[in-house]
Amino acid sequence: DLPEAESELIAGFHTEYSGMAWALFYLAEYANAFAVSAMTAILFWGGWLGPILPPWLWLFIKACVGFFIIIWVRGAWPRIRYDQMMRIAWKFALPLSLLLVLVTAAEVLWRRGLA
(Lines give C-alpha, C1' and ligand atoms only; values in the text may rest on other atoms or scores of the structure.)
Protein backbone atom coordinates (compact mmCIF):
# COMPACT_ATOMS: atom_id res chain seq x y z
CA ASP A 1 0.00 0.00 0.00
CA LEU A 2 2.97 2.33 0.38
CA PRO A 3 3.39 3.35 -3.29
CA GLU A 4 -0.18 4.63 -3.50
CA ALA A 5 -1.97 6.91 -1.08
CA GLU A 6 -5.71 7.11 -0.58
CA SER A 7 -5.61 10.85 -1.09
CA GLU A 8 -3.79 10.46 -4.42
CA LEU A 9 -5.38 7.35 -5.92
CA ILE A 10 -8.75 5.80 -5.30
CA ALA A 11 -8.75 2.19 -4.19
CA GLY A 12 -10.90 -0.24 -6.12
CA PHE A 13 -13.61 -0.81 -3.56
CA HIS A 14 -14.11 2.95 -3.15
CA THR A 15 -15.27 3.28 -6.75
CA GLU A 16 -16.82 -0.14 -7.36
CA TYR A 17 -19.01 -0.32 -4.28
CA SER A 18 -21.47 2.11 -2.81
CA GLY A 19 -24.17 2.05 -0.23
CA MET A 20 -24.44 -1.10 1.84
CA ALA A 21 -21.53 -2.96 0.22
CA TRP A 22 -19.19 -0.06 0.99
CA ALA A 23 -20.52 0.09 4.54
CA LEU A 24 -19.83 -3.63 4.98
CA PHE A 25 -16.20 -3.12 3.94
CA TYR A 26 -15.76 -0.50 6.64
CA LEU A 27 -17.69 -2.58 9.15
CA ALA A 28 -15.28 -5.47 8.51
CA GLU A 29 -12.31 -3.12 8.86
CA TYR A 30 -13.52 -1.75 12.18
CA ALA A 31 -14.48 -5.23 13.42
CA ASN A 32 -10.92 -6.34 12.69
CA ALA A 33 -9.54 -3.31 14.56
CA PHE A 34 -11.76 -4.09 17.55
CA ALA A 35 -10.70 -7.76 17.49
CA VAL A 36 -7.04 -6.68 17.49
CA SER A 37 -7.81 -4.36 20.42
CA ALA A 38 -9.48 -7.18 22.35
CA MET A 39 -6.52 -9.49 21.73
CA THR A 40 -4.16 -6.72 22.85
CA ALA A 41 -6.21 -6.26 26.01
CA ILE A 42 -6.12 -10.00 26.72
CA LEU A 43 -2.45 -10.58 25.93
CA PHE A 44 -0.82 -7.37 27.21
CA TRP A 45 -3.22 -5.41 29.45
CA GLY A 46 -4.35 -8.03 31.94
CA GLY A 47 -7.48 -9.11 30.07
CA TRP A 48 -10.56 -9.12 32.27
CA LEU A 49 -8.74 -8.35 35.53
CA GLY A 50 -9.81 -5.20 37.33
CA PRO A 51 -10.86 -3.97 40.77
CA ILE A 52 -14.58 -3.20 41.08
CA LEU A 53 -16.47 -3.80 37.84
CA PRO A 54 -17.43 -7.23 36.45
CA PRO A 55 -14.68 -8.96 34.40
CA TRP A 56 -16.50 -8.76 31.05
CA LEU A 57 -16.86 -5.00 31.49
CA TRP A 58 -13.13 -4.59 32.20
CA LEU A 59 -12.28 -6.47 29.02
CA PHE A 60 -14.73 -4.35 27.04
CA ILE A 61 -13.32 -1.09 28.47
CA LYS A 62 -9.74 -2.12 27.70
CA ALA A 63 -10.72 -3.19 24.17
CA CYS A 64 -12.47 0.16 23.63
CA VAL A 65 -9.36 2.02 24.80
CA GLY A 66 -7.26 0.01 22.36
CA PHE A 67 -9.75 0.66 19.56
CA PHE A 68 -9.64 4.38 20.34
CA ILE A 69 -5.83 4.34 20.17
CA ILE A 70 -5.93 2.56 16.79
CA ILE A 71 -8.41 5.07 15.35
CA TRP A 72 -6.54 8.01 16.89
CA VAL A 73 -3.15 6.97 15.50
CA ARG A 74 -4.68 6.18 12.11
CA GLY A 75 -6.23 9.63 11.89
CA ALA A 76 -3.38 11.66 13.37
CA TRP A 77 -0.26 9.93 12.06
CA PRO A 78 1.06 11.43 8.85
CA ARG A 79 1.32 9.10 5.89
CA ILE A 80 4.92 8.06 5.25
CA ARG A 81 6.13 8.11 1.66
CA TYR A 82 7.74 5.05 0.15
CA ASP A 83 11.22 6.58 0.05
CA GLN A 84 10.95 7.64 3.69
CA MET A 85 9.92 4.14 4.74
CA MET A 86 12.83 2.60 2.84
CA ARG A 87 15.24 5.09 4.44
CA ILE A 88 13.95 4.17 7.90
CA ALA A 89 14.21 0.47 7.10
CA TRP A 90 17.78 0.58 5.75
CA LYS A 91 19.32 3.24 8.00
CA PHE A 92 17.57 2.50 11.30
CA ALA A 93 15.68 -0.80 11.44
CA LEU A 94 18.31 -3.05 9.82
CA PRO A 95 21.26 -1.82 11.94
CA LEU A 96 19.11 -1.99 15.07
CA SER A 97 18.02 -5.55 14.32
CA LEU A 98 21.62 -6.63 13.67
CA LEU A 99 22.70 -4.99 16.92
CA LEU A 100 19.94 -6.82 18.80
CA VAL A 101 21.05 -10.14 17.27
CA LEU A 102 24.61 -9.48 18.48
CA VAL A 103 23.43 -8.46 21.96
CA THR A 104 21.29 -11.60 22.20
CA ALA A 105 24.18 -13.80 21.06
CA ALA A 106 26.49 -12.17 23.62
CA GLU A 107 23.94 -12.69 26.38
CA VAL A 108 23.45 -16.35 25.43
CA LEU A 109 27.22 -16.94 25.47
CA TRP A 110 27.55 -15.08 28.77
CA ARG A 111 24.77 -17.13 30.41
CA ARG A 112 26.26 -20.40 29.15
CA GLY A 113 29.54 -19.38 30.72
CA LEU A 114 27.83 -18.90 34.10
CA ALA A 115 26.11 -22.30 34.08
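Notes on the structure follow. Since we're looking at a predicted model, the values are computed, not measured. (Residues numbered from 1 in each chain as written. Predicted model: local features only at pLDDT ≥ 70, side-chain atom pairs only at ≥ 80, totals over all residues. Heavy atoms only, no water.)

A word on the packing of aromatic side chains
Counted only if it meets this: Ring geometry is summarised as follows: Phe, Tyr and Trp rings, the Trp one being its six-membered ring, pair when their centres sit within 6.5 Å, and such pairs are stacked at plane angles under 30 degrees, edge-to-face over 60 and tilted between the two. Counting from the N terminus, the helices are DSSP H or I runs at least four residues long and the strands are E runs at least two residues long. Partly exposed residues are those whose accessible area sits between 20% and 50% of the maximum for their type, while under 20% is buried and over 50% is exposed, using a 1.4 Å probe and protein chains only.
For the structure shown, the criterion picks out six aromatic pairs. Consider the rings of W22 and Y26, whose centres lie 4.8 Å apart with planes at 55°: the pair is tilted. Highlighted residues: W22 and Y26, both in helix α2 (residues 20-44), separated by four residues, approximately one helical turn. Between Y26 and Y30 the ring centres are 6.3 Å apart and the planes differ by 45°, which places this aromatic pair in the tilted class. Placement of both Y26 and Y30 in helix α2 is noted, with a separation of four residues, approximately one turn of the helix. Given the relative accessible area of 18%, Y26 is considered buried. Pairwise contacts between aromatic rings join W22, Y26, Y30, F34, F60 and F67 into one cluster.

Thoughts on the side chain of K62
Quick note on the threshold: Under the counting rule used here, the positive set is Lys and Arg, the negative set is Asp and Glu, and His together with the chain ends is not counted. The rule for a salt bridge is simple: a side-chain nitrogen of Lys or Arg has to be within 4 Å of a carboxyl oxygen of Asp or Glu. Any pair of nitrogen or oxygen atoms within 3.5 Å is treated as a polar contact; in protein, a donor-acceptor pairing is required on top of that, and neighbouring residues in sequence qualify only through side-chain atoms on both sides. Here, residues are in contact when the closest pair of their heavy atoms is within 4.5 Å.
Tracing the backbone through its elements, the reader meets K62 in helix α3 (residues 55-76). The charged side chain of K62 is buried without a salt bridge, its nearest counter-charge being E29 at 26 Å. At 2.8 Å, the side chain of K62 and the backbone oxygen of W45 are in polar contact. Among all residues touching K62, those that are not within four sequence positions of it are A41, W45, G46, G47 and L49.

Topic: the pattern of salt bridges
One side chain can pair with another of opposite charge once the charged atoms of both are near each other. Counted by the stated rule, this structure contains two salt bridges. E29 is the salt-bridge partner of R74, the closest N and O atoms lying 2.7 Å from each other. One end of the pair, R74, is in helix α3; the other, E29, is in helix α2, with 45 residues separating them in the sequence. The partly exposed category is assigned to R74, whose relative accessible area is 43%. Judged by relative accessible area, E29 falls into the partly exposed class, the value being 30%. Among the salt bridges present, the one from R111 reaches E107, with a minimum N-O distance of 2.9 Å. Here E107 and R111 lie together in helix α4 (residues 82-114), a separation of four residues that amounts to about one turn.

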